[in-house]
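Working through the structure, step by step
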Amino acid sequence: MLRDYQQRSIDHLYQWFRNGNEGNPCLVLPTGSGKSHIVAALCKDALQNWPETRVLMLTHVKELIEQNAEKMRLHWPGAPMGIYSASIGRRQLGEPITFAGIQSVRDKAHLLGHIDLCIIDECHLVGHKDEGGYRTLLSDLKDINANLRVIGLTATPWRLGHGLITDAPAIFSDLIEPVSIQELIQKKHLSQLRSKVTTSKLNVDGVHKRGGEYIESELQAAVDTDENNIAAVKEVIERAGDRKAWLFFCAGVQHAQNVRDVLKGFGIVAECVTGATPKAEREKILTLYKAGEIRALTNANVLTTGFDYPDIDLIAMLRPTMSPSLYVQMAGRGMRPKSHTDHCLVLDFAGVVATHGPITAVQPPKKAGSGNGEAPVKVCEACHELCPISARKCPACGAPFPEPEKKALTLHIDDIMGIEGTKMSVRSWIWRKHTSKTSGKEMFAVTYYGDLSDPPVTEYLTVTHDGYAGQKAVKTLLDMANKSRAIINSDDLEETAKIMTKATPPSVVEYRKEGKYSRIINREWRINE
């Protein structure tokens, strides 16, 4: 039986196709939402409704192939399926459903033959350019069947140096986001993360970047020092208390091994897993870790995608990264519901939360060298003008902005989740069209009113902006219209503002103060309960 949001994911996907959309959609699903269950239900539904359908399920690591195949058997015992993966040691072809590793089938389109539907897990790894294993295989499969459709699944719909995976010339044309991290936490399907500002901090001054990411050799040389490793381990031990399963993300193989040795020197039972760890040894280490016989596990670039142990209750980030996808994958290892606590402690020595923000509000990376993305904005307290983040004074009314604080490589706040806020009962709301005097772009300003003692809270929906900001704002607008039972049938912002003002506002909004301003975190409509 699927959870409500898992069925909603399939329903939204089918609706996207019914709407006559061209191209290939991507389901954006948070880490821990159960993508493999959704894939299994989707494959079963496709085969039972259209028996001639041939499905190829692709991913890049054997753990995900095994997880997806296992859930397929769970949902549909006796499903007509095969696995083609050299790392698993199976090369089964001819079944209507094939679970495959991209490394094993990238040049095997002639063996796979006619494929109607290709589902790609962790699809942010598919290149924007028409090159690489995924793009080569898809092109070859398209030559065999021109009507091939591709569905992507990912928790992180971005590529470092390229922006959103829907930005041209990508193969994905739209993002479908059926559920949020906030909803999964509220429904107890995910566990919270709690973060603390660390005393010890890693310094990456002078470390160069290649392709938008730190050069690993330089990064490891900068952070892998006795002083850094001892200070970080001491602080972890001091803050850990009785936490039983620690996971360290390190900057490289040698760094992971050195941190393990420091942990052992302080009497902590610890082991290290890297890409070079033999398969049998790796499986033994992970088994002992999950059994509680190993308390701390250090790793370099391996225990992210495909590794799940719900009872991880402490994550130490010792690996600075410019990749928001890697950041979300690392943090996601601590979000599974646990048997012994309601949260996982994240100690961010690497400044990744400060770099990318709370995991509920991670911004996609910009295209390399594009320089044409939407500039970050801030709101003028005097006239509510949206102004460039770099502005010293409001260009509309001249009101000065406070001097910016110097940014340090550490957490801005103690909330990696970005979901803790103040709740306000809403009595009414007012929508209005707001036009930026700087850019000339139109948007919605929505002001929520509570009791007389509550200050009004205003948010801005940048529905006419380009790129990610505009896409997110439009999706938010449509969701709010649906929940408030409003029918929007006009592209005119003033007309839409009138319709929404008359519609049912949320019963409660949750917001968080960010400096002098507020950001809406959640809206609740009791009429839909």
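Numbering of residues starts from 1 in every chain and runs along the sequence as written. pLDDT decides what is reported in this predicted model: residues at 70 or higher carry local features, side-chain atom pairs at 80 or more are listed and counted, and totals for whole chains, interfaces and linings draw on all residues regardless. Each side-chain value is worked out from all heavy atoms of the structure, with water and hydrogens disregarded.

This part covers the overall build of the chain. A run of H or I in DSSP becomes a helix once it reaches four residues, and a run of E becomes a strand once it reaches two; helices and strands are each numbered from the N terminus. Helix and strand content of the chain: 15 helices and 26 strands. Radius of gyration: over C-alpha atoms. The globule rule applied is 2.2 Å multiplied by the number of residues raised to the 0.38 power. For a compact globule of 529 residues, the expected C-alpha radius of gyration is about 24 Å, and the chain comes in at 24 Å, within 12% of that figure. Across its three principal directions, the C-alpha atoms of the chain cover 65 × 60 × 45 Å. Accessible area is worked out with a 1.4 Å probe on protein chains only. A residue is then buried under 20% of its type maximum, exposed over 50%, and partly exposed in between. For the chain, the proportion of its 529 residues judged to be buried stands at 52%. Any two residues whose heavy atoms approach within 4.5 Å are treated as being in contact. Put simply, 70% of the contacts in the chain that link residues at least 6 apart link residues at least 24 apart.

Here we take up the packing of helix α9 (residues 226-240) against helix α10 (residues 253-265). At a minimum axis separation of 10 Å, α9 and α10 run at an interaxial angle of 55°. The orientation of α9 relative to α10 falls into the category oblique. Here α9 runs over α10; the crossing is right-handed. Where α9 approaches α10, its residues Asn-229, Ile-230 and Val-233 are matched on the opposing element by His-255, Asn-258, Val-259, Val-262 and Leu-263. Throughout, an axis means a line fitted to C-alpha atoms (over the contacting stretch in the case of helices), and angles, computed between N-to-C directions, take values from 0 to 180 degrees. Oblique is the label for every angle not falling under 35 degrees (roughly parallel), over 145 degrees (roughly antiparallel), or within 65 to 115 degrees (roughly perpendicular). Each crossing gets its handedness from the near helix: less than a right angle anticlockwise from the far helix is left-handed, clockwise is right-handed.

A helix is expected to reach a length of 1.5 Å times the quantity of its residues less one. Its 12 residues place the ends of helix α11 (residues 279-290) 17 Å apart at the C-alpha level, agreeing with the 16 Å of an ideal helix rising 1.5 Å per residue. Restricting attention to buried positions, one finds in α11 the residues Ile-285, Leu-286 and Tyr-289. Burial along α11 is one-sided: seen end-on, the buried residues are contained in an arc of 95°. Facing away from the buried surface of α11 by more than 90 degrees, the exposed residues are Ala-280, Lys-284 and Thr-287. Residue Gly-292 follows α11 closely and has a positive phi angle near 85°. Note that the arc is defined by the directions from the helix axis to the C-beta atoms.

Further remarks concern the environment of Tyr-517. Looking at the secondary structure, you find Tyr-517 in strand β26 (residues 517-524). Take Tyr-517: its relative accessible area is 23%, and that puts it in the partly exposed class. Residues Tyr-517 and Thr-341, 176 residues apart in the sequence, show an inter-C-alpha distance of 33 Å.

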